[in-house]
Amino acid sequence: MLSGSKNSFKIQQHQPGPALRGPKSSAMNSRRNKNCQAFPCIPGEHVLEAAAHVRKIVCSRDGEGSILGTLYCTNLRVAFVPEPTPGDTVGAPRCSTRLHSEHDVALLCIRRLVAVNSFTKAKVLTASSTLKFIPEELVLYCRDFRVLRFRFRDSGLEPRACQVTLAIVQAQESSSASAGTWYDTGAIRNLENAWLSTEGSSSSSTLLFERPCDWEKELRRLGAAGWRVSPVNERFDMATSLPKYLWVPSRLLDNELKRAFGHFNARRIPRLCWHHPGGSDLLRAAGFHADSDPEKEDVRSVEALMLAGHAQCVIVETAVDLPSPAEIQLSYLKLRALCLPDSSVADEKWLSALEGTRWLEHVRACVRKACEVAALLAERSRSIMLQESDDRDLNCLLASLIQVLSDPHTRTQSGFQSLLQKEWVVAGHPFLQRLNLLRDNDREESPVFLLFLDCVWQLLQQFPASFEFTETYLLALHDSSYIPFFSTFLFNCQWERDRRNQHRASNQIYAPVNGWREPPPLEILQKGGRLAKERGGPYLPTIWDWALRYTTQQRSQFRNPAYARSSGSTTVPNGKSAPLGGDKLEAALSGSGTMYLFAKGALSPQTHLFPWKNGSLSKKGWWRAQSSESLSEQDRSLRSSPSGCPLQPEGLLLPASVGPLIRLWRRCYLRGSQEVQTPCASHCYWVEQHSLADRALAWDSGDLAVVPGSATDSLGHLGVASLPPRSVNSQRNWTCFEGD
């Protein structure tokens, strides 16, 4: 596996085939078996190399510390197992077979490897690297903003250090080279065994929306009497990127529904996302197909979908006010380069560089847009349709964020997970392309989902008592998006997931004509002997099975002790009640037309219902605005109206999106910095609980107020209101500690 002279080591290129079977000599096999016994591998995983007496470096505000343990390199991950401490129970296992911990990182999650020696320059390791020294320290830069540092003993004279380092490089290169066949590896095929043998799964209350009963259950919860579950796309013959089942108006038959598919991009027709208790309906759809030529019956079907029984329909163009996926990716790359510890930005220019990434600007735009649409939904009964060109990126973000603001159920853990399944996973968000987990297409990469998580974190900071889950939960969800052992983020749509499962089942089960059947492999058996194919679900577990990665104690940190279910009206962060509606807006919506466009904070009535003219889409655009009313002015009036105005509906959150209330998610983006690392996750948890409790008390007492002058403060838009009284060494340090 390794070759080289006394002072030079060459990293061999990965060779497919027998090389993946491991060492052939009896001595190396004996050592490998011993390592496998010491390290609790998951089914299909085996240890490639191990180095004992390694120290994992952990930094805190009190200085640098370390944890003594053993570093393992397997065919799936790099894992660090701490040595037992004196307080451990005698005979207790050193670790469990969980798929993820704070000491582990999946091979596909490693972005860069750096070997460090005090006598030479640090070296970035690749498959073609030649290592001319034995490393004293190995640094792993992860795609989830973590930076793992492992220090070897004997100050660079430990030969195992070089062996495990080169093994990690080769294993990481092998995983990247075989990314296209990642689903067919033995370890991935056997992960279901670990899933089925795990008790206490936390996904029992999460709706996966893979069966019609899940859609029916959620529809009953919403109380949407005028809607039904349609199986028109059950075989994906209408649209491969849409889910199997759709919410459509009850009065619209499936034969009439089929007429509308061809008139929208990628055949993604308008369908219901959420029903407001006041009667409004939130829909989402792709853009109108430019080359379609609808007949009268087709137009009637499209009209029935868009109006959904309402007299008015407001079309929200999401791409007008929100950043494009390309802009999100560019901003994310700048943010990652700025937040990592090897950033070249000077401390005194760090806040300016943060502003230059535009990441907080994008977060602010998403929160503001969702707040405006949520106000439209609550103001009066109407249908509001979110429209995006392909309906797979910004529509997912905006539809989810609107529901988090409007529906208290989505602010519980089970409700939030069901929301992500409905609006992201089965709705066809291209996770595989956007997260680029298998690194097969860098041009399509864009962390739209991670931007959504940041927006939810902002809401958690402003409304600490309105969420059942904590920042620890959001951070676990963020990190889980880069773990390639679960089906949730490994596919672009439900059709791809089902096709892969059907292909596997047909290849693994042999049923001759005479009725005799080959015994099914163990990996596709469920408890009780049923075939996994009969279940209809994915072979890999979902990320909602938190018990596979976190202990009971760790999962208890997901729950917010300050959480209180909504009762009565909700107030905005400045402590004033927020009424809905306005005279100008009501006048804008009281015209004789039935179609309105909402873009750039303005409502515009339209002269005709659909964009088609003479059978084709107008080249200059079909929207003809006659009058408009800016909702930005209305939003300011909502927050400054007298207290005698009517209160907003129960459970609705209207967050502030200006000044210091949009902040940097320090615990996520800056955890790789040595100045902000903490020795253990439990410390962060207790800090978070105290912060939430303090914010909840301030909320109840009305002391949580917007900082005066923040709108014009030069640092306010960066989440910095004023400098603290004590001196600090850098702007980055203060940004990390402010508010704790």
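Source: prediction; values computed, not measured.

## Regarding the overall build of the protein chain
Across its full length, the protein chain carries 23 helices and 22 strands. Long-range contacts, defined here as pairs at least 24 residues apart, represent 72% of the contacts in the protein chain between residues at least 6 apart. Summed over its atoms, the accessible surface of the protein chain is roughly 31,000 Å², and 51% of this surface lies on carbon and sulfur atoms.

## A word on the pattern of salt bridges
For the structure shown, the criterion picks out 29 salt bridges. Two residues, Arg284 and Glu423, come together in a salt bridge whose shortest N-O distance is 2.9 Å. Of this pair, Arg284 sits in strand S15 (residues 281–286) while Glu423 sits in helix H12 (residues 413–425); the two residues are 139 residues apart in sequence, bridging distant segments of the chain. A salt bridge links Arg382 to Glu379; its shortest N-O distance comes to 2.9 Å. The pair Arg382 / Glu379 is uniform in exposure class, with both members buried.

## So, the packing of aromatic side chains
In this structure the tally under the stated criterion is 29 aromatic pairs. On the numbers, 4.9 Å between centres and 70° between planes, the contact of Phe209 with Trp215 is edge-to-face. Residues Phe209 and Trp215 agree in their burial class; the two are buried. Considering the side-chain rings of Trp424 and Phe449, the 5.2 Å spacing of their centres and the 75° angle between planes classify their relative orientation as edge-to-face. Of this pair, Trp424 sits in helix H12 while Phe449 sits in helix H14 (residues 448–462), and the two are 25 residues apart along the sequence.

## Here we look at the confidence of the model for the protein chain
Of all residues in the protein chain, 65% have pLDDT values of 70 or greater, and the mean over the chain is 76. Predicted confidence in the protein chain is weakest over helix H17 (residues 532–535), with a mean pLDDT of 40, and strongest over helix H11 (residues 394–406), with 98. Confidence drops under a pLDDT of 50 for residues 506–538, and excluding neighbours within four residues, the segment shows 52 contacts in the predicted structure. Scored below 50 in pLDDT, residues 704–730 makes 44 contacts in the model with residues more than four places away or belonging to other chains.

## Concerning the side chain of Glu49
With respect to the helices and strands, Glu49 occurs in strand S3 (residues 47–60). In terms of polar contacts, Glu49 uses its side chain to reach the side chain of Arg160, at 2.9 Å.

## Examining helix H8 (residues 325–339)
Taking 1.5 Å of rise per residue, the 15 residues of H8 would be expected to cover 21 Å, and the 21 Å separating its terminal C-alpha atoms lies within 8% of that figure. For H8, every residue scored as buried is listed here: Ile328, Gln329, Ser331, Tyr332, Leu335, Arg336, Leu338 and Cys339.

## Observations concerning the nonpolar core
Side chains of a nonpolar character, in soluble globular proteins, are inclined to be buried together. In terms of nonpolar packing, the biggest core is built from 164 residues, with Phe416, Phe449, Phe452, Leu474 and Leu477 touching the most fellow members. For this core, the element with the most residues is helix H10 (residues 359–379), which contributes 13 residues. Leaving out residues up to four positions away in the same chain, Phe416 has contacts with Val404, His409, Thr410, Phe452, Leu453, Val456, Phe469, Tyr473, Leu474 and Leu477. Counting seven residues, the second-largest nonpolar core is a separate cluster that includes Phe39, Cys41, Val47 and Val81.

## Digging into the packing of H14 against helix H15 (residues 471–480)
The N-to-C vectors of H14 and H15 enclose an angle of 175°; their axes lie 11 Å apart at closest approach. Considered as vectors, H14 and H15 are oriented roughly antiparallel to each other. Contact with H14, carried on its side by Phe449, Leu450, Leu453, Val456, Trp457 and Leu460, involves Glu471, Leu474, Leu477 and His478 of H15 and no other residues of that element.

## A closer look at the environment of Leu419
You can see Leu419 is positioned in helix H12. Between the C-alpha atom of Leu419 and that of Val404, which follows or precedes it by 15 residues, the distance is 8.8 Å. Beyond its immediate stretch of four places on either side in the chain, Leu419 contacts Ser400, Gln403, Val404, Thr410 and Trp424.

## A few points about helix H6 (residues 296–307)
Here H6 is twelve residues long and its end C-alpha atoms lie 16 Å apart, about the 16 Å a rise of 1.5 Å per residue gives. Those residues of H6 that fall on the buried side of the exposure criterion are Asp298, Ser301, Val302, Ala304, Leu305, Met306 and Leu307.

## Side note on the pairing of strand S16 (residues 313–317)
The two faces of the sheet receive side chains in turn, since in a regular strand these alternate between them. Buried residues dominate S16, accounting for four of its five residues. Pairing of S16 with strand S17 (residues 383–388) involves five bridges; the strand directions are parallel. Considered in S17, the bridge of Val314 is made with Ile384.

## Structural notes on the environment of Ser480
Examined against the element boundaries, Ser480 turns out to sit in helix H15. Taking relative accessible area as the criterion, Ser480 reaches 1% and is therefore assigned buried. The spatial distance from the C-alpha of Ser480 to the C-alpha of Asp144 is 9.0 Å, given a sequence separation of 336 residues. Contact partners of Ser480, with chain neighbours within four places excluded, come to Phe489, Ile543, Trp546 and Arg549.

## Section: the environment of Leu597
By the element assignment, Leu597 lies in strand S18 (residues 595–599). Here Leu597 falls in the buried class, since its relative accessible area comes to 10%. Sequence separation of Leu597 and Ile315 is 282 residues, and the distance between their C-alpha atoms is 4.9 Å.

## Focus on unusual backbone geometry
The phi dihedral of His53 is positive, around 55°, even though this residue is not glycine. With respect to the secondary-structure elements, His53 resides in strand S3. The exposure class assigned to His53 is partly exposed, which follows from its relative accessible area of 40%. For Phe236, which is not glycine, the phi dihedral falls at a positive 60°.

## Here's the deal with the pairing of S18
The element S18 is extensively covered by neighbouring structure, given that five of its five residues are classed as buried. Side chains Met595, Leu597 and Ala599 of S18 all project onto a buried face; the interleaved residues Tyr596 and Phe598 project onto the opposite face, where all are buried too. Strand direction decides the pairing type here: S18 and strand S19 (residues 602–605), joined by four bridges, are antiparallel. Paired with Ala599 across the bridge in S19 is Ala602. Where S18 folds back onto S19 in an antiparallel hairpin, the turn is made up of two residues, including Lys600, whose phi is positive at roughly 55°.

## Focus: the state of the cysteines
Every disulfide links exactly two cysteines, by a covalent bond between their sulfur atoms. All chains considered together, the criterion is met by zero disulfides. Not engaged in a disulfide, the cysteine Cys109 finds its nearest cysteine sulfur in Cys142; these two sulfurs lie 5.2 Å apart. Judged by its relative accessible area of 2%, Cys109 is buried.

## Remarks on the packing of H8 against helix H9 (residues 350–357)
Relative to each other, H8 and H9 sit at 160°, their axes nearing to 8 Å. For the element pair H8 / H9, the angle class is roughly antiparallel. Between H8 and H9 lies a crossing of left-handed hand. Taking contact as the criterion, the partners of Ser331, Lys334, Leu335, Leu338 and Cys339 in H8 are, on H9, Trp350, Ala353, Leu354, Gly356 and Thr357. Class assignment for the residues of the contact of H8 with H9 results in six nonpolar, three polar and one charged.

Rules used throughout
- Residues numbered from 1 in each chain as written.
- Predicted model: local features only at pLDDT ≥ 70, side-chain atom pairs only at ≥ 80, totals over all residues.
- Heavy atoms only, no water.
- Helix = DSSP H or I, 4+ residues; strand = E, 2+ residues; numbered from the N terminus.
- Contact = heavy atoms within 4.5 Å.
- Areas by Shrake-Rupley, 256 points an atom, 1.4 Å probe, with all protein chains shown as cover.
- Salt bridge = Lys/Arg side-chain N within 4 Å of Asp/Glu carboxyl O.
- Buried < 20%, exposed > 50% of the residue type's maximum accessible area, 1.4 Å probe, protein only.
- Phe/Tyr/Trp six-rings, centres within 6.5 Å; stacked < 30°, edge-to-face > 60°.
- pLDDT = per-residue confidence, 0-100.
- Polar contact = N/O pair within 3.5 Å; in protein donor to acceptor, adjacent residues only side chain to side chain.
- Expected span 1.5 Å × (residues − 1).
- Core = buried A, V, L, I, M, F, W, Y, C linked by side-chain atoms within 4.5 Å.
- Axes fitted to C-alpha atoms, helices over the stretch in contact; angles between N-to-C directions.
- Parallel < 35°, antiparallel > 145°, perpendicular 65-115°, else oblique.
- Pairing = 2+ DSSP bridges.
- Disulfide = S-S within 2.5 Å.
- Left-handed = near helix turned anticlockwise from the far one by under 90°.
- Nonpolar A, V, L, I, M, F, W, Y, C, P; charged D, E, K, R; others polar.

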